[in-house]
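Residue strings, one per chain:
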Amino acid sequence: GIPALGGFIFSRKFLPDLNNCKLANDALLSAVRDLCFTEENRILRPVDYRNLGTEEMGSVYESLLELHPELNVDAFTFSLKTYAGSERKTTGSHYTHRSLIHCLLDSALEPLLIEAMKKPEPEKALLALKVADLACGSGHFLIAAAHRIAKRLAIVRTGEGEPTVNVLREALRDVVANCIYGVDINPLAVELCKVSLWLESLDPSKPLGFLDHRIKCGNSIIGATPELLAKGIPDDAFKPIEGDDPTVATSIRRKNRGERQGQADLFTISEDRPDWLEATTAYATWISLPEDNIEQVAEKAKQYETLVDNSVIRHQQELADLWTAAFFWPLTADTLETVPTQDTFRRLRDGAYALDRKTAKQVKALAEKHRFFHWHLEFPEVFMQGQGFDCNLGNPPWERIKLQEKEFFAQRDPEIANAPNAAARKRLITNLPESNPALWKAFASAKRMSEGESHFMRASGRYPLNAVGDLNTYQIFAGLFRELLSNNGRAGVIVPTGIATDDTNKQFFADLTEKKALVSFYDFENREGIFPDVHRSYKFCLLTMGGPNAAPEG
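Just so it is clear, the model here is predicted, and its values are computed rather than measured.

Asker: Which residues make up the sheet that holds strand β6 (residues 180-184), and what values go with them?
Answerer: The mixed open sheet is built from seven strands, whose spatial order is β7-β6-β5-β8-β9-β11-β10. The strands lining the two open edges of the sheet, one partner per strand, are β7 (215-217) and β10 (518-525). Going across the sheet, the axis of each strand differs from the next one's by a mean of 15 degrees, ignoring polarity. The sheet contact formed by strand β9 (residues 485-496) and strand β11 (residues 539-546) spans seven bridges and is antiparallel. When the sheet's bridge partners are listed, I494 is paired in β11 with L542. Contacting β5 (131-133), β6, β7, β8 (389-394) and β9, helix α7 (residues 140-158) crosses the sheet at an angle of about 165 degrees to β5.

Put into structure tokens, the structure is as follows:
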């Protein structure tokens with residue numbers, strides 16, 4: 001009599017390696033016992049799953065990021081250990097206190113809700129809001145936003161100031177299904193965000209909603225836009241980075257410059273492209289399909305696979321991946337024949353050319369490695385007519401894009417990580433090709449990856465106001481949160497105070513003030529340890545920005 005929940009997390013595709021595995025009963029019992037009880041002062045205490053909220057799940061998420069598996073094949077043992085420079089730090093994932101989230105909701109989301117409530121059809125206006133977190137982690141901002149929208153929706157539906165729990169739950173499910181979007185580079189975070197949204201909006205009589213099209217895994221800050229695609233591949237895409245041959249890079253750059261001369265790139269993706277409009281309209285229609293029973297959810301998931309495999313969408317994805325891959329392409333004598341320059345891009349764009357096998361394989365490899373994310377293709381119903389999100393919320397990573405050697409070697413080679421000074425560490429790294437070739441290869445690959453991402457930020461033209469100086473991810477995210485807004489939208493972000501005070505951010509902040517896009521700015525010092533893994537003297541701020549038509553009153 002238990003209704004099927006469905007959802008990817010319960011499917012055989014979620015953990016395919018375990019589908020045909022067997023487990024002895026005593027091992028299963030041991031695992032269940034460890035999940036059900038925790039030991040404190042040699043006393044077993046039951047874990048209260050009934051009251052485990054999404055806030056606690058965020059703490060679990062952070063704890064998981066700090067742990068690294070160690071497998072001893074010879075001894076048949078497995079353990080999880082915490083290292084200095086853990087992934088939580090290196091991925092820039094920070095748990096955000098509830099009070100800060102609600103403060104941002106007051107300045108970024110609440111004005112939009114007030115406006116929606118004034119509309120002739122407030123229910124329709126509320127469900128039309130598009131709210132996104134561009135680095136969503138386990139989904140705290142999205143859940144808080146969903147609850148606030150759902151409260152308004154329930155009030156509209158009932159006319160009561162304090163709607164019942166059942167009405168609120170139904171409203172929350174509708175809000176999650178219509179208003180919420182999230183992206184994160186960490187696959188674990190994406191799955192945990194979905195679980196959090198499912199738990200919060202669970203209706204005992206209905207299956208889990210389909211969220212694969214709303215909560216996605218990808219690198220939010222690396223990808224193409226229709227405007228950049230219209231300009232073609234810039235010559236600066238082929239500036240050499242770690243591992244490149246400067247002579248080859250110069251040759252490719254000269255070739256690209258020659259191919260760009262005399263061309264008028266008028267191509268764009270918008271409502272005036274019939275094929276694109278047809279594909280995105282079909283997508284928008286698909287979104288409205290019901291999810292009231294397990295069969296409907298399964299059918300919606302099946303149709304989604306067909307939609308994303310649409311020839312128009314697939315071609316645009318291939319084109320955007322090719323354009324982005326040009327900034328990361330290895331520029332050596334061995335790759336000279338496969339480097340995608342403007343002519344390759346133009347012919348693929350015009351449909352007169354299919355990528356050769358080697359080039360296509362490399363594009364795919366680079367897209368997967370860097371997790372390219374093209375917002376206009378991932379969420380076409382939001383961007384098909386250039387609208388954008390109504391509200392962007394989040395606490396994006398605060399990490400230097402440049403590879404941090406100490407953190408890289410923390411778990412791989414403690415001797416290098418704990419070297420007495422930078423010079424000693426450099427000597428040890430220089431000796432790696434002889435002492436540990438495999439580690440040297442991994443280090444060179446990681447260094448190239450970070451340099452490639454920094455190169456993309458600077459050379460792509462995507463972040464002209466933010467890609468300045470010694471790059472930090474928070475700078476780039478601040479620009480992206482603003483870029484993806486609709487004309488009347490608002491963005492609320494938690495970033496270091498340096499967004500307003502550092503010399504490298506002066507162009508961005510000056511542009512905010514000149515265009516009257518600065519809604520509010522609240523400065524804090526981490527004296528009370530709101531962010532435990534950040535120094536107590538570090539300053540951060542709650543920054544709220546408006547879209548082009550959302551300037552604050554006065």
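Asker: Residues and numbers for the packing of aromatic side chains, please.
Answerer: Using the criterion set out here, one finds 25 aromatic pairs in the structure. Consider the rings of W323 and F456, whose centres lie 6.3 Å apart with planes at 85 degrees: the pair is edge-to-face. Of this pair, W323 sits in helix α14 (residues 311-325) while F456 sits in helix α23 (residues 437-459), and the two are 133 residues apart along the sequence. Among the aromatic residues, ring-to-ring pairing joins Y181, F373, W375, F379, F383 and F389 into one connected group. Across the ring face of F379, the terminal group of K216 is positioned such that the distance to the ring centre comes to 5.4 Å. Above the plane of the ring of W286 lies K300, whose end atom (NZ or CZ) is 5.2 Å from the centre.

Asker: Tell me what's going on with the environment of F327, and back it up with residues and numbers.
Answerer: Along the polypeptide, F327 turns up in the loop between α14 and α15 (342-349). A sequence separation of 217 residues divides F327 from E110, and the C-alpha atoms of the two residues are 40 Å apart. Among all residues touching F327, those that are not within four sequence positions of it are P234, A237, H455, F456, A459 and S460.

Asker: Any details on the pattern of salt bridges? Residues and values, ideally.
Answerer: All chains considered together, the criterion is met by 27 salt bridges. Between D343 and R347 there is a salt bridge, with the nearest N and O atoms lying 3.4 Å from each other. Of this pair, D343 and R347 both sit in helix α15, four residues apart, roughly one helical turn. A relative accessible area of 31% places R347 in the partly exposed class. Taken together, the salt bridges that share partners define one network made up of D106, E110, R148 and R152.

Cut-off values and rules
Residues numbered from 1 in each chain as written. Predicted model: local features only at pLDDT ≥ 70, side-chain atom pairs only at ≥ 80, totals over all residues. Heavy atoms only, no water. Pairing = 2+ DSSP bridges. Helix = DSSP H or I, 4+ residues; strand = E, 2+ residues; numbered from the N terminus. Axes fitted to C-alpha atoms, helices over the stretch in contact; angles between N-to-C directions. Contact = heavy atoms within 4.5 Å. Phe/Tyr/Trp six-rings, centres within 6.5 Å; stacked < 30°, edge-to-face > 60°. Lys NZ or Arg CZ within 6 Å of the ring centre and 35° of its normal. Salt bridge = Lys/Arg side-chain N within 4 Å of Asp/Glu carboxyl O. Buried < 20%, exposed > 50% of the residue type's maximum accessible area, 1.4 Å probe, protein only.

Remember, this is a structural readout, not a statement about activity or role.
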